[in-house]
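# Descriptive structure summary
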Amino acid sequence: MMSAASLRTMLDDGQPVTKHHPWPRVIVTAELWNALLDGLASSDWTMLGLWGEIGMAHLALYEDSSETIIVASLSCPDGRFPSVGRIHSPAQRLERTMADLIGLQPIGAPDYRPWLDHGCWPVRHPLGAATAPTGMRSPYRFLPAEGESLHQIPVGPVHAGIIEPGHFRFTANGETVVRLEQRLGYVHKGIESLLSGATIDQAARWLGRVSGDSTVAYALAFVRAVEAATKTVVPDRAHWLRALMAELERLANHCGDIGAICNDAAFALMLAHCAVLREKILRASAECFGHRLLMDCIVPGGVIADLSVDGVKTVRALMAELRRDFPPLVELYDNTASLQDRTVNTGFVRPALIKQFGCGGTIGRAGGRAFDARRWPGYPPYDQLTFETPLLTDSDVNARVWLRIHEVQQSLHLIEQILQQLPMGPVYMELNRPGQICEGMALIEGFRGDILVWLRLNADNTVARCHPRDPSWFQWPLLEAAIENNIVADFPICNKSFNGSYSGHDL
Amino acid sequence: MRKLLLQNLLQSPLTIPPPPPSEAALTELAAKINRATQRRLGRSLSIRQVDAGSCNGCELEIHALNNAFYDLERFGFHIVASPRHADVLLVTGPVTVNMKEALERTYAATPDPKWVVAVGDCGRDGGVFAGSYACVGGISAVIPVDLHIPGCPPTPMQLLQGLLALLQAQESR
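Residues numbered from 1 in each chain as written. Chains lettered and ligands numbered in written order. Predicted model: local features only at pLDDT ≥ 70, side-chain atom pairs only at ≥ 80, totals over all residues. Heavy atoms only, no water.

## Section: the packing of aromatic side chains
All names here are of chain A. Following the criterion strictly, the structure yields 13 aromatic pairs over all chains and no others. Ring centres of Trp51 and Trp454 lie 5.5 Å apart, and the angle between their planes is 45°; on these two criteria the pair is classed as tilted. Residue Trp51 is found in strand E4 (residues 45-53), and its partner Trp454 is found in strand E15 (residues 450-457); the two are separated by 403 residues along the sequence. Note on accessibility: Trp51 and Trp454 belong to one class, buried. On the basis of an interplanar angle of 65° and a centroid distance of 4.8 Å, the ring pair of Trp476 and Tyr502 is categorised as edge-to-face. One end of the pair, Trp476, is in helix H15 (residues 476-483); the other, Tyr502, is in helix H17 (residues 502-506), and 26 residues separate them in sequence. Given a relative accessible area of 2%, Tyr502 falls into the buried group. An aromatic cluster is present here, built from Phe168, Phe170, Trp476, Phe491 and Tyr502 joined pairwise through their rings. (Phe/Tyr/Trp six-rings, centres within 6.5 Å; stacked < 30°, edge-to-face > 60°. Helix = DSSP H or I, 4+ residues; strand = E, 2+ residues; numbered from the N terminus. Buried < 20%, exposed > 50% of the residue type's maximum accessible area, 1.4 Å probe, protein only.)

Okay, here's the thing in structure tokens:
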């Protein structure tokens, strides 16, 4: 085991980058990079992100014991860097993406197959040298699963429900899943390339559309990174209104998910009632801020509109309704044995895997990993609010339902506090223009888990490079593990209990 | 559970009255629907939703059409699990290059007569993603589109108005 202070100590050997906020970024040598990878494999460090740009690989690390976040950057002028995925498997898909988008080659990587690039784009390495494609499109090699009486079930990209596209390749023995392999990338929109060179306002609109269900969380992560980079101090009231929006988003999604999970066990009554609650939340959101999903309501420097006195009344009334209508649904879930028969012990994820992957959100917290970005690293106004971080350890579908139930209750409590303590004052502040290159990052707790946004701004305040990392990157691979030895028919309920984002992942 | 069911039996429904069909959508459709298709389909339409690269925002609002407030099925619209059962493809997204082939194959798998409804600003022309190397930009660049429902994302009410226009245009011919 590495010692607790080791991450910081090791960084002393690197060359710090100025104008990177709020956490340090250091340029490391290949030797130090390799030492960090060894630490990643053997200590309590968590990988928060891995991304690149032409000639540079960036690795964001988090040390639990000392509560340290750092970004280590390795210069790789020849386009090659020592593979992280070689010893830390959560990095593998991220590395395949770096190879697809930028052309950075992870040396020693266990998997060289393309990931987001399906061989159809009119350009190769769009974020890198952007050369013409070679023309040959080779079929994707799925991992083999060999044995007697195994059969394959290909599913997607077009699924049976109203759901995003992705491909699932099941290998089954009778009804039991032996292996699931995901193939994603179908909704890759090239957002990172669009962001390069965009103005901050343009970029904010794209960030709000990385994943529509998390539009508030993405906008919040982006504006906090911009505000960190430009050292803009946002008025207090804006922070509080942002938190209100974030909790409304969490409530709406959790209500939707609880209903949808039960519906996948053919318990439609729960979906019908949860969908009504979700609709009421969206209507209240539209009444208060003008958009049902709160898209584009958080802007760099503040929020788009203040909450009126009537708005406060609307949210208060909504809280009263939810306080009245939600508990009977919890009771219904709790008392329906036939429903729990489908959720208990289904889709179990080993807590060790959750820890290794740094898996956040409901999946992480239903499997014993207490990470909640609102609490740590934290951001205003959560430091002034009292709330619990619900934690369960069963790590099955049932635990993920209960975790959402507990989080709904916490969000209700949070919104009530926000309404009570909402400070007066302006809700917008013009962004600073530092007039020089500056970098910022932010870690925000969305309903799905922690969203990381890293960016570099040019001297003219345009975006040089921006990398949003969805929580799903560290959740999708665990779904492959969760479904193993479950029956094929339980895949929908497992998948829904994860509710990974395709769009946020494919970007 | 019985208590909950009983309560719902006694209270008045949440479902809203149907909105008037969208004028713009009626105009767009008037030219496209013929008598023959109306005879064959009657007043009920099966819808297959296809996400061709959306951010998931449109999907959330299409989902909402099924909740108690909008209750899509009362109008004879039914969301089905396969394009082979569908009369209408409800397509979202700027059509990512990676989804182009899947969309074409879904269209080919849908029996005639069929309609395509492009949902959202992305579905019209690629929306904010227009110009990206990874997006074709607009559903009509890949398959013929009969009706556009704009919005980012369109509200369930706007979706309902567009779909009702589809029904009404069919009936009026």
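Resuming the write-up.
## Points about the interface of chain A and chain B
The interface is formed by 53 residues belonging to chain A together with 47 residues belonging to chain B. Taken together, the two surfaces of chain A and chain B that pack against each other cover about 3,800 Å², and 65% of this comes from carbon and sulfur. Three residues stand out in chain A for area buried against chain B, namely Val158, Ile162 and Lys189 of chain A, and they jointly supply 19% of the buried area on that side. In this structure, Arg292 of chain A and Glu61 of chain B form a salt bridge, with 2.5 Å as the shortest nitrogen-oxygen distance. (Contact = heavy atoms within 4.5 Å. Buried area = accessible area lost by both parts, 1.4 Å probe. Salt bridge = Lys/Arg side-chain N within 4 Å of Asp/Glu carboxyl O.)

## Considerations on the pairing of strand E14 (residues 438-445) of chain A
Residue and element names in this part refer to chain A. Within E14, 8 of the 8 residues are buried, which leaves the element mostly enclosed by the surrounding structure. What you see with E14 is no split at all: Cys438, Gly440, Ala442 and Ile444 on one side and Glu439, Met441, Leu443 and Glu445 on the other are buried throughout. Across 2 bridges, the pairing between strand E2 (residues 20-21) and E14 is parallel. Bridging from a neighbouring strand, His21 pairs with Gly440 of E14. Summarising the sheet, E14 and E15 pair through 8 bridges and their orientation is antiparallel. Across the sheet, Gly440 pairs through a bridge with Leu455, a residue of E15. (Pairing = 2+ DSSP bridges.)

## Re the side chain of Asn486 of chain A
Residues and elements named next belong to chain A. In this fold, Asn486 is placed in the loop between H15 and helix H16 (491-498). Assessed through its relative accessible area of 11%, Asn486 is described here as buried. Polar side-chain contacts of Asn486 include one of 3.1 Å to the backbone nitrogen of Gly347. If sequence neighbours within four positions are ignored, Asn486 has contacts with Glu175, Thr176, Val177, Thr346, Gly347 and Cys494. (Polar contact = N/O pair within 3.5 Å; in protein donor to acceptor, adjacent residues only side chain to side chain.)

## A closer look at the packing of helix H7 (residues 236-263) of chain A against helix H9 (residues 309-335) of chain A
All names here are of chain A. Interaxial distance between H7 and H9 falls to 13 Å at its minimum, and their mutual angle equals 25°. Classified by the angle between their axes, H7 and H9 sit roughly parallel to one another. Crossing angle aside, the handedness with which H7 passes H9 is left-handed. Residues Leu244, Leu248, Leu251, Ile258 and Cys262 of H7 touch H9, and the partners they reach there are Val315, Leu318, Met319, Leu322, Phe326 and Tyr333. Taken together, the residues of the contact of H7 with H9 break down into 11 nonpolar, no polar and no charged. (Axes fitted to C-alpha atoms, helices over the stretch in contact; angles between N-to-C directions. Parallel < 35°, antiparallel > 145°, perpendicular 65-115°, else oblique. Left-handed = near helix turned anticlockwise from the far one by under 90°. Nonpolar A, V, L, I, M, F, W, Y, C, P; charged D, E, K, R; others polar.)

## Some remarks on the sheet that holds strand E3 (residues 25-28) of chain A
Residue and element names in this part refer to chain A. Taken together, 5 strands build an open sheet; the order of strands is E1-E3-E6-E5-E4 and the sheet is mixed. At either margin of the open sheet sits one strand with a lone partner, and together these are strand E1 (15-16) and E4. Sheet analysis places E3 next to strand E6 (residues 68-75), joined by 4 bridges and oriented parallel. Paired with Val26 across the bridge in E6 is Ala72. Lying over the sheet, helix H2 (residues 30-42) contacts E3, E4, strand E5 (56-63) and E6, oriented at roughly 140° with respect to E4.

## Side note on unusual backbone geometry
All names here are of chain A. At the junction of Gly156 and Pro157, the peptide bond is cis and its omega measures out at 15° in the coordinates. Pro377 follows Trp376 through a cis peptide bond whose omega is 0°. As for its placement among the helices and strands, Pro377 is situated in helix H13 (residues 374-378). Here the phi dihedral of Lys231 falls at roughly 55°; this positive angle occurs in a residue that is not glycine. Counting through the fold element by element, Lys231 comes out in the loop between helix H6 (215-230) and H7.

## So, the confidence of the model for chain B
When pLDDT is averaged along chain B, the result is 87, and 87% of the positions lie at 70 or above. Our summary of model confidence lists the complex with pTM equal to 0.95 and ipTM equal to 0.94. (pLDDT = per-residue confidence, 0-100.)

## Section: the side chain of Asp490 of chain A
All names here are of chain A. Tracing the backbone through its elements, the reader meets Asp490 in the loop between H15 and H16. A relative accessible area of 11% means that Asp490 is categorised as buried. Within the structure, Asp490 has its side chain in polar contact with the side chain of Arg342 (distance 2.9 Å). Apart from residues lying up to four places away in sequence, Asp490 is in contact with Arg342, Thr346 and Ile483.

## Some words on the pattern of salt bridges
Residue and element names in this part refer to chain A. By the definition in use, this model includes 31 salt bridges over all chains. The shortest N-O distance in the salt bridge between Arg448 and Asp213 comes to 2.7 Å. Pair noted here: Arg448 is in the loop between E14 and E15 and Asp213 is in the loop between helix H5 (200-207) and H6, with a separation of 235 residues, a long-range link. Each of Arg25, Glu53, Glu439 and Arg456 takes part in one network of salt bridges that share partners.

## A few points about a nonpolar patch on the surface
Residues and elements named next belong to chain B. Judged by side-chain polarity, Leu6, Leu9 and Leu10 come together as a nonpolar surface patch covering roughly 380 Å² of accessible area. Relative to the assigned elements, Leu9 resides in helix H1 (residues 2-10). Take Leu9: its relative accessible area is 69%, and that puts it in the exposed class. (Patch = residues over 30% accessible without salt bridge, like charges linked within 9 Å, V, L, I, M, F, W, Y side chains within 5 Å. Areas by Shrake-Rupley, 256 points an atom, 1.4 Å probe, with all protein chains shown as cover.)

## Concerning helix H4 (residues 57-64) of chain B
Of all 8 residues making up H4 of chain B, 7 are buried, and the element is well covered by its neighbours. Those residues of H4 of chain B lying buried are Gly57, Cys58, Glu59, Leu60, Glu61, Ile62 and Ala64 of chain B.

## Observations regarding the packing of H9 of chain A against helix H14 (residues 397-421) of chain A
All names here are of chain A. It is the contact of H9 with H14, at a shortest axis distance of 11 Å, that shows an interaxial angle of 160°. Taken together, H9 and H14 sit at an angle that is classed as roughly antiparallel. Between H9 and H14 lies a crossing whose hand is left-handed. Contact residues: Val312, Val315, Arg316, Met319, Leu322, Arg323, Phe326, Val330, Tyr333 and Asp334 in H9; Asn398, Val401, Trp402, Ile405, Val408, Gln409, Leu412, His413, Ile415, Glu416, Leu419 and Gln420 in H14.

## Structural notes on the environment of Gly52 of chain A
All names here are of chain A. With respect to the helices and strands, the residue Gly52 is situated in strand E4. When the C-alpha atoms of Gly52 and Leu104 are compared, they prove to be 7.6 Å apart, with 52 residues separating the residues in sequence. When neighbours within four sequence positions are excluded, Gly52 is seen to be in contact with Ala57, His58, Met98, Ile102, Leu104 and Arg465.

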